[in-house]
Every structure is written in C-alpha cells, then in structure tokens.
Amino acid sequence: MQVPFLDLRRQYASIREELEQCMRDVFDAGIFVGGPYVHQFEEAFRKLCQAAYCVGVGNCTDALFLSLKALGIGPGDEVITPAFSWISTSEVISLAGAIPVFADVEADHYTIDVTDIEKKVTGKTRAIIAVHLYGQPSDMDALHRVCEAHQLDLIEDCSHAFLARSGNKPTGNFGRMACFSFYPTKNLGAYGDAGCVITEDPDLAARIRKLANHGGLIKDEHQIEGTNSRLDTLQAALLAAKIPHLPGWTQRRVSIAAIYNERLGKLPQIQVPAVRQGTYHTFHLYVIRAEQRDELRKHLRAQGVETQIHYPHAIPFEPAYKHLTHTPKEFPVSARLQDSVLSLPVFPELTDEEVQYVCEQITVFYK
Ligand SMILES: *Cc1c(COP(=O)(O)O)cnc(C)c1O
C-alpha cells in the first residue's frame, strides 16, 4: 500500500464542481484583486473564527510582519517567539527591524514555554508571537498573565490552529491580532499563497489593510508607506467555497488522531501527542516522538508510507541565526524535539485502512 503524507488531489476531486464554478464566476466578473469575493470571504472567515474583523493578505508571513508594523514595533524593540516553529515567526521580527528573542517550548505540548518567556523579558520586550503548534492551543492563561504583568502585546500564529479552541474560545481570539496561513497544505488551503489577520480592534484592522495596500484604502492616496500584500480575488473565492467543509474536515482529522492514539499509544517507543486539558487540538499535523526516529522513517518509506519532520532544526540552530551563537543547552526541549519528532499522514481524505496500515508498519518496526 502507498500512503501519501498529503494528497491535495483527493480534496479537489471531492469538491471539484464547486471550485470550478467559483473559478468561472471570478473570471466572468473580471475582477482579480479586491472586489466582492474578497469581502465575502473576509466576512465568512471572521464569523467562523468569531472575530470582529478579518483582513485578507498575501500570506501568513506578511500577516505577521504587518501585525508587528501595525503595533509600531521596530528598531530597539524585542519580540519573544518560540524556538521550535516555522521560521516565519522569527524572520518577520528582524524584517520589522526588531530583535527576535527565542523561548523554549513545553516538553509535553510543544507550544511556547511561559516560564522561559519570563526569563527572557527585558525592558525592551514589546510583544510575544505565540504559535499554536500542530493545532495545539498554547497555554493562554499563562500567556495572558505574562503579557499583563509586563505590558506586552500578544500576536497568535494560527497557521496550524484552524477551529482549535482553548476553553470555549476559538484560537485567534486571545491576542491583539491572530494570523492565519492558507498555504495549500494548511487545514484551509488556497491554490497558491494566501493569508489573513483577524482582530477585535478596528484601528489595527484598518492599519493592516492600509499597510497591505501601499498605505492607503483609496486609489492614489498614500497616507503612509506600506507594501503590496493583498489576498487575490480568485483565492478568496476558492477559500470561501471551502469554508463550509472545514468543520467536517477538522472532525475527520481529530478522528484519525484518535485511531493513531489508540494503536500507537500502546507502544513504549512512541510518545503520542498530549492534548492540553480544556483545549481542542485540531491536528494540522499528527506528530509523534519516536525512538530511532530516522530508522523508523526509512522503514516506513520502504513500506510505502510517506512521513515528514516538523521541524528538523529548531530555529535558533538554523544557519540564518548562526550569528546569535545559540546552543542546544539554552533550548533543551527544542533540541530534543528536532531529533525525535515525526509527522504521520493526517488529512481528511485519508482512509481508515490507510491509517491502520501506518500503525501496523510502525508496530512491525519495533517488534
Ligand atoms: C505555514 C506557516 C507560516 C507561514 O505561512 P505562509 O502563508 O506560507 O507565509 C507561518 N507560521 C507557521 C507556524 C506556519 O506553519
């Protein structure tokens, strides 16, 4: 059996007619940047996330960058971000002219460790970018406490956490702003790059919209310098068509995770993902920690099972941050994770048989 890590063609096949109708509508309307489809998507996504405002932008990296700019963060400021994440969360801090300061992640939930944040806060710290890694909400109570104590702004990176919840509140409702990626492989994926920011604050929403559109909302009027980072009309229309499917797709991810947990939880060599109490983890990725990770991965590949590693290097150890001379001792959990995590296939169209096959092959490996 061949089990792909992710096969986007299966999703397309399941909603082909709806998507092709969308494409025809957009081409018939002849508007490809802005227009009613973008507005309709922003409204639908805002409601889905129970947020007051949604601004579509070019991608999530821009969403994070524009959020920092909207908060006025720049040279002389420090922003704390997890050592174990995708590089977007730290590179945007440098891009804004500020200094990225890394905090380690929690050993059990892999999200930013607030006790380490407390050690890294200085008089220059302005904000925290928290990532709800793999779909697991960060420790929102602890983050709120540390933000309040030190007057810090919280930005949530929700790229992995569509429809995840902490208590009854969906992720994205805890910080000043939350950023989403619609990169094709994400739980709500576009057919190219796309992203957005949600917020409760009308001024921040207006500021991001301006910054993303050359500093103005009206053509040929530039109140500030900005950039070009808009959500394409075609992507907006396709994303809007996918929104009604997202709750069902999310439930299916959670069911697949339950099958994996049930079978792999019995193996002493495997640590299945722990879900923080009181949260709803939506499994953008199903990540185990495995003994002999690289050998297991090779075995699975030989048996037709594709896996990935998120992430093979903690961010401070990437060549891009060599100048900061960070050592594994400073980020012990991240250093351990990079050598032991393995992402198994999880996407809504994966069949039960495929999931069982993956479990079987892992069991065989450790026998
Ligand atoms: C995908 C991803 C991003 C970047 O999103 P783009 O839309 O590709 O810019 C940022 N943060 C995390 C955690 C991601 O997984």
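Residues numbered from 1 in each chain as written. Predicted model: local features only at pLDDT ≥ 70, side-chain atom pairs only at ≥ 80, totals over all residues. Heavy atoms only, no water.

Novice: Hey, could you go over the overall build of the protein for me, with residue numbers and the actual values?
Specialist: When its secondary structure is counted, the protein shows 13 helices and 13 strands. Looking at the protein residue by residue over its 367 residues, the buried ones come to 54%. Sequence-distant contacts, at least 24 apart, represent 70% of the contacts inside the protein between residues at least 6 apart. Put simply, the protein shows about 15800 Å² of open surface, and 51% of that area lies on carbon and sulfur atoms. Distance between charge centres in the protein, computed from 36 positive and 45 negative side chains, equals 2 Å. (Helix = DSSP H or I, 4+ residues; strand = E, 2+ residues; numbered from the N terminus. Buried < 20%, exposed > 50% of the residue type's maximum accessible area, 1.4 Å probe, protein only. Contact = heavy atoms within 4.5 Å. Areas by Shrake-Rupley, 256 points an atom, 1.4 Å probe, with all protein chains shown as cover. Lys, Arg positive; Asp, Glu negative; His and termini not counted. Charge placed at Lys NZ, Arg CZ, Asp CG, Glu CD.)

Novice: Lay out the site of the ligand in plain terms, naming residues and giving numbers.
Specialist: Taken together, Asn59, Cys60, Thr61, Trp86, Ser88, Val131, Asp157, Ser159, His160, Ser181, Lys186 and Ala194 make up the full set of residues adjacent to the ligand. Ser181 is positioned with one of its side-chain polar atoms (N or O) 2.7 Å from an oxygen atom of the ligand. Residue Lys186 places a side-chain N or O atom 3.0 Å away from an oxygen atom belonging to the ligand. In the complex, 92% of the free accessible area of the ligand, which totals 380 Å², lies under the protein chains. (Near = heavy atom within 4 Å. Polar contact = N/O pair within 3.5 Å; in protein donor to acceptor, adjacent residues only side chain to side chain.)

Novice: Can you break down the environment of Glu306 residue by residue, with the values?
Specialist: Here Glu306 is to be found in the loop between α11 (293-302) and α12 (332-340). We classify Glu306 as partly exposed; its relative accessible area is 43%. Put simply, Glu306 and Ser138 are 168 residues apart on the chain and 28 Å apart in space, counted from C-alpha to C-alpha. Contact partners of Glu306, with chain neighbours within four places excluded, come to Val3, Pro4, Phe5 and Pro345.

Novice: Got a sec to walk through the pairing of strand β13 (residues 341-344)? Specific residues and values, please.
Specialist: Residues Val341 and Ser343 point to one face of β13 and Leu342 and Leu344 to the other, with burial holding for every one of them. Note that strand β12 (residues 286-290) and β13 share four bridges and pair antiparallel. Following the sheet pairing, Arg289 is matched in β13 by Val341. (Pairing = 2+ DSSP bridges.)

Novice: Pulling in residues and values, what's your account of the packing of aromatic side chains?
Specialist: Using the criterion set out here, one finds 17 aromatic pairs in the structure. Taking 5.2 Å as the distance between ring centres and 50° as the angle between the ring planes, the aromatic pair formed by Phe162 and Phe180 counts as tilted. Within this pair, whereas Phe162 is found in the loop between β5 (153-157) and β6 (165-166), its partner Phe180 is found in strand β8 (residues 177-181), the two being separated by 18 residues in sequence. Classification of Phe180 as buried rests on a relative accessible area of 1%. An aromatic cluster of three or more residues is present, and its members are Phe41, Phe45, Phe162, Phe180 and Phe182. Against the face of Tyr280 rests Arg165, its NZ or CZ located 4.6 Å from the ring centre. (Phe/Tyr/Trp six-rings, centres within 6.5 Å; stacked < 30°, edge-to-face > 60°. Lys NZ or Arg CZ within 6 Å of the ring centre and 35° of its normal.)

Novice: If you had to explain the sheet that holds strand β7 (residues 169-170) to someone new, which residues and values would you point to?
Specialist: Read across the open sheet, the three strands follow the order β7-β6-β11; overall the sheet is antiparallel. Of all strands in the sheet, those bounded by a partner on one side alone are β7 and β11 (279-280). Across two bridges, β6 lies against β11 in antiparallel orientation. Residue Arg165 lies in a different strand from β11, and its bridge partner there is Tyr280.

Novice: Just give me the short version of the sheet that holds β13, but keep the residues and values in it.
Specialist: Through backbone hydrogen bonds, the strands of a sheet pair up, either in parallel or in antiparallel fashion. An order of β10-β12-β13 is seen for the three strands of this open sheet, with the pairing classed as antiparallel. Where the open sheet ends on each side, the last strands, each with one partner, are β10 (270-271) and β13. On the sheet, helix α10 (residues 246-264) packs against β10, β12 and β13 and is oriented at approximately 15° with respect to β12. Packed onto the sheet, α11 meets β10, β12 and β13 and runs at close to 25° relative to β13. (Axes fitted to C-alpha atoms, helices over the stretch in contact; angles between N-to-C directions.)

Novice: Got a sec to walk through unusual backbone geometry? Specific residues and values, please.
Specialist: Omega for the peptide link from His310 to Tyr311 comes to 15°, which places this bond in the cis form. Along the chain, the position of Tyr311 falls in the loop between α11 and α12. Located in the positive-phi region is Tyr110, a residue other than glycine, with phi close to 70°. On the accessibility criterion, Tyr110 (3% relative accessible area) is buried. Positive phi, close to 70°, is recorded for Tyr134, a residue that is not glycine. By the element assignment, Tyr134 lies in the loop between β4 (125-131) and α7 (140-150).

Novice: Before we move on, can you summarise α10 with the specific residues and values?
Specialist: End to end, α10 covers 27 Å across 19 residues, agreeing with the expected 27 Å (1.5 Å per residue, within 8%). Buried within α10 we find Leu246, Trp249, Thr250, Arg253, Ile256, Ala257, Ile259, Tyr260 and Leu264. (Expected span 1.5 Å × (residues − 1).)

Novice: Residues and numbers for the packing of α10 against helix α13 (residues 352-366), please.
Specialist: At a minimum axis separation of 10 Å, α10 and α13 run at an interaxial angle of 30°. Put simply, α10 runs roughly parallel to α13. Once α10 is placed against α13, the crossing between them reads as right-handed. In contact with Arg252, Ile256, Ile259, Tyr260, Arg263 and Leu264 of α10, α13 contributes Asp352, Val355, Gln356, Val358, Cys359, Glu360, Ile362 and Thr363. Here the contact of α10 with α13 is built from residues that sort into eight nonpolar, two polar and four charged. (Parallel < 35°, antiparallel > 145°, perpendicular 65-115°, else oblique. Left-handed = near helix turned anticlockwise from the far one by under 90°. Nonpolar A, V, L, I, M, F, W, Y, C, P; charged D, E, K, R; others polar.)

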